[in-house]
Amino acid sequence: MTLLTVERIKLFSTRSPWWCMILATALTVGLTSLFAATTRTKDLADLTPDATQFAYNFGLVVMMVMSTLAVTTEYRFGTIRSTFLAVPTRTPALVAKAVVVASLSGIVGEITAVGSWGIARLIQPDAPLALNTAQEYRNVFGVGLVYLLASVFAMAVGLIVRQSAGAIVIELIYLFLLENLLPVIPRIGDSIQHWLPFTVGDNFIVAGAVRHSDGPPVIDNMPLGPWGSLLYFAAVCIGLFVIGTVLARRRDA
Amino acid sequence: MIEAQGLTKRYGRTVAVNDLSFTVAPGKVTGFLGPNGAGKSTTMRMILGLDNPSAGTVRINGRRYAELHHPLRQVGALLDAKWVHPNRSARSHLRWIAASNRIPVKRVDEVLEVVGLTSVAGKRAGGFSLGMSQRLGIATALLGDPGVLLFDEPVNGLDPEGILWIRQFMHRLADEGRTVFVSSHLLSEMALTAQDLVVIGRGRLIAQTSTQEFIDNASESAVRVRGPEMERLHGLLTGQGLTVRDVPAGADGPAALLVPNASTEQIGELAGTVGLVLHELAAQRGSLEQAFIQLTGQDVEYQAGAGAPAGAAAAGGGTGVAVPPPAGEAPSGVPLNVPGGDAR
């Protein structure tokens with residue numbers, strides 16, 4: 001518990017996390033309101049709960065950057081050494097950081113998700129935006145869980161690379177280039193895509209949703225169901241974090 | 001109480017710390033002395049469990065740092081005053097560190113008061129001057145009221161007032177019965193601060209002694225004597241079997257004689273018995289810097305190119321190589337306050 005307090009103090013005693021949280025929410029909700037406001041009346045039937053979440057990646061990236069910085073700035077400014085002096089076994093301190101930062105990302109994820117859905121409802125009250133089925137609930141409230149796990153992923157990369165610019169570039173290249181380009185490989189591309197972590201994580205949110213032109217991309221024939229997808233994504237993120245923690249324990253601080 | 005045994009740290013093929021064993025006792029200030037790059041910081045980091053030793057162990061009060069429960073309550077350290085997030089206030093910085101070892105929050109304000117930072121506690125630490133950062137680092141070290149304190153080059157870059165403050169502060173901590181271990185590359189500073197010394201060069205232990213003993217052994221004492229009848233004086237002293245060197249007139253004053261390993265009493269009485277007039281009779285001590293260079297001369301990692309005196313360079317037969325003093329000279333025959341060539 002005390003270590004959770006420590007990480008909470010660390011996180012909120014600088015300003016950048018606040019800016020990241022505001023930016024993530026404003027970006028996602030702002031884009032969704034634009035999307036809802038410009039939807040033509042004849043396309044209104046397409047404005048379903050999952051369509052309101054098409055912009056969640058923007059906020060996700062911002063929160064991943066925040067999570068990475070929560071780790072790498074500690075290396076940059078040497079406070080990681082003060083942390084390890086206070087907690088010489090290291091692991092508890094790193095796990096506490098993961099819990100605090102990932103929880104915050106999860107909360108921000110839920111805020112952006114509910115905010116996006118809510119603003120779409122306000123702008124287009126006639127659209128079919130009511131949450132009735134389990135799938136529709138997952139389409140909206142599932143976003144927070146993906147934020148939470150992606151945050152763990154980002155901290156793991158931060159722990160491994162220990163350098164802000166390097167870690168963030170790696171994450172962005174992976175997220176926007178590799179996950180999008182690997183499926184293009186002939187013959188095996190599709191099978192690779194089915195196991196790319198963020199694609200699978202996204203599948204947790206969108207699985208079962210109806211495909212429509214402006215909505216988030218839904219990939220057919222994913223081998224795992226929504227909850228299986230979430231478990232797989234969690235295993236990858238936590239696995240990477242375990243690697244990062246082992247490295248942080250072994251390396252000279 | 002800090003005990004290091006066979007402490008070794010290798011980075012690839014470079015040996016930063018080599019089989020280092022020493023103990024640091026409570027109740028006094030122990031200086032950790034060595035030239036830049038001698039391995040002082042690496043050793044301190046190993047003591048604190050930040051770096052893993054390649055071999056050997058180091059224990060604090062009989063236990064490894066990693067085994068200490070709430071270590072900040074037993075060991076306080078200032079390794080680098082810049083280990084602070086620049087956008088975090090001094091109080092927030094201390095607050096999270098205190099929380100990590102269940103140190104009550106009121107202790108934060110206490111240590112800020114002790115180091116005199118209360119008025120800037122809410123300001124961002126990135127805007128602090130070096131002296132203020134150094135004080136914040138000391139506040140961090142004191143937070144858990146620990147019995148063992150480590151400071152790495154605490155006076156680096158401080159103004160004289162700050163240096164005096166830190167020196168007195170460390171004496172006070174030692175007087176309270178704490179173990180105080182302070183590193184420095186300046187012997188003159190350590191001579192004023194530390195009662196004991198652990199001296200290293202190139203990662204190896206050179207000496208562990210009291211500061212007084214180290215200075216006595218390392219620097220030669222001599223008597224400078226001058227009078228109107230220099231010839232007679234010279235004859236008288238050599239007649240007594242004393243070594244006498246001629247010091248030509250220079251920056252130190254007019255021409256005089258230098259008598260190593262003699263006391264002013266001895267020479268004054270000698271001159272008195274034959275009725276010789278003296279104009280000057282003074283004890284001289286080699287500078288601490290010279291003594292330090294003498295002892296660690298071979299162990300400086302980054303040597304300057306052509307620093308060797310003419311005589312020594314000829315003996316070494318090479319250029320650009322700093323030649324250590326001949327073995328026979330060490331450690332008591334340091335040429336001191338004598339211009340180069342006619343030292344011997």
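Everything numeric here is computed off the predicted structure, so don't read it as measured data.

Draft legend 1. The arrangement of the overall build of chain A in detail. What chain A contains, in helices and strands, is 10 helices and zero strands. Seen in sequence order, chain A has helices and strands lined up from the N terminus as α-α-α-α-α-α-α-α-α-α. A separation threshold of at least 6 residues defines the contact pool for chain A, and within that pool the share at least 24 residues apart is 78%. For chain A, the accessible surface area stands at approximately 11,200 Å², while carbon and sulfur atoms represent 69% of it.

Draft legend 2. Spotlight on the sheet that holds strand β10 (residues 221-226) of chain B. Residues and elements named next belong to chain B. Reading across the sheet, the four strands line up as β11-β12-β10-β13 and stay open at both edges, with antiparallel pairing between neighbours. Both outer strands of the open sheet, β11 (245-247) and β13 (280-285), are each paired with one neighbouring strand and no more. Averaged over all neighbouring strand pairs, the angle between strand axes comes to 30°, with direction disregarded. Both β11 and strand β12 (residues 256-260) contribute to a ladder of three bridges, which runs antiparallel.

Draft legend 3. Layout of the nonpolar core. F198 of chain A together with L150, F151 and F181 of chain B are the most contacted members of the largest nonpolar core, which totals 149 residues. By residue number, the principal contributor to this core is helix α6 (residues 134-161) of chain A, which donates 13 residues. Excluding residues that lie within four positions of it along the chain, L150 of chain B makes contacts with I2, M44, I47, L48, V75, G76, A77, L78 and F181 of chain B. Counting 14 residues, the second-largest nonpolar core is a separate cluster that includes L242, L257, V259 and I267 of chain B.

Draft legend 4. Seen up close, the interface of chain B and chain A. Taken together, the contact between chain B and chain A spans 28 residues of the former and 24 residues of the latter. Buried surface at the junction of chain B and chain A, summed over both partners, amounts to about 2,300 Å²; 62% is from carbon and sulfur atoms. If you sort the residues of chain B by the area they bury against chain A, L50, W83 and W96 of chain B come out on top, with a joint share of 30%. At the junction of chain B and chain A, the tally comes to one salt bridge. At the junction of chain B and chain A, the tally comes to 11 residue pairs in polar contact (both at pLDDT 80 or more). Among the elements that line the side of chain B that touches chain A, the one with the most residues is helix α2 (residues 90-100) of chain B, at six residues.

What counts, and where the lines are drawn
- Residues numbered from 1 in each chain as written.
- Chains lettered and ligands numbered in written order.
- Predicted model: local features only at pLDDT ≥ 70, side-chain atom pairs only at ≥ 80, totals over all residues.
- Heavy atoms only, no water.
- Helix = DSSP H or I, 4+ residues; strand = E, 2+ residues; numbered from the N terminus.
- Contact = heavy atoms within 4.5 Å.
- Areas by Shrake-Rupley, 256 points an atom, 1.4 Å probe, with all protein chains shown as cover.
- Pairing = 2+ DSSP bridges.
- Axes fitted to C-alpha atoms, helices over the stretch in contact; angles between N-to-C directions.
- Core = buried A, V, L, I, M, F, W, Y, C linked by side-chain atoms within 4.5 Å.
- Buried < 20%, exposed > 50% of the residue type's maximum accessible area, 1.4 Å probe, protein only.
- Buried area = accessible area lost by both parts, 1.4 Å probe.
- Salt bridge = Lys/Arg side-chain N within 4 Å of Asp/Glu carboxyl O.
- Polar contact = N/O pair within 3.5 Å; in protein donor to acceptor, adjacent residues only side chain to side chain.

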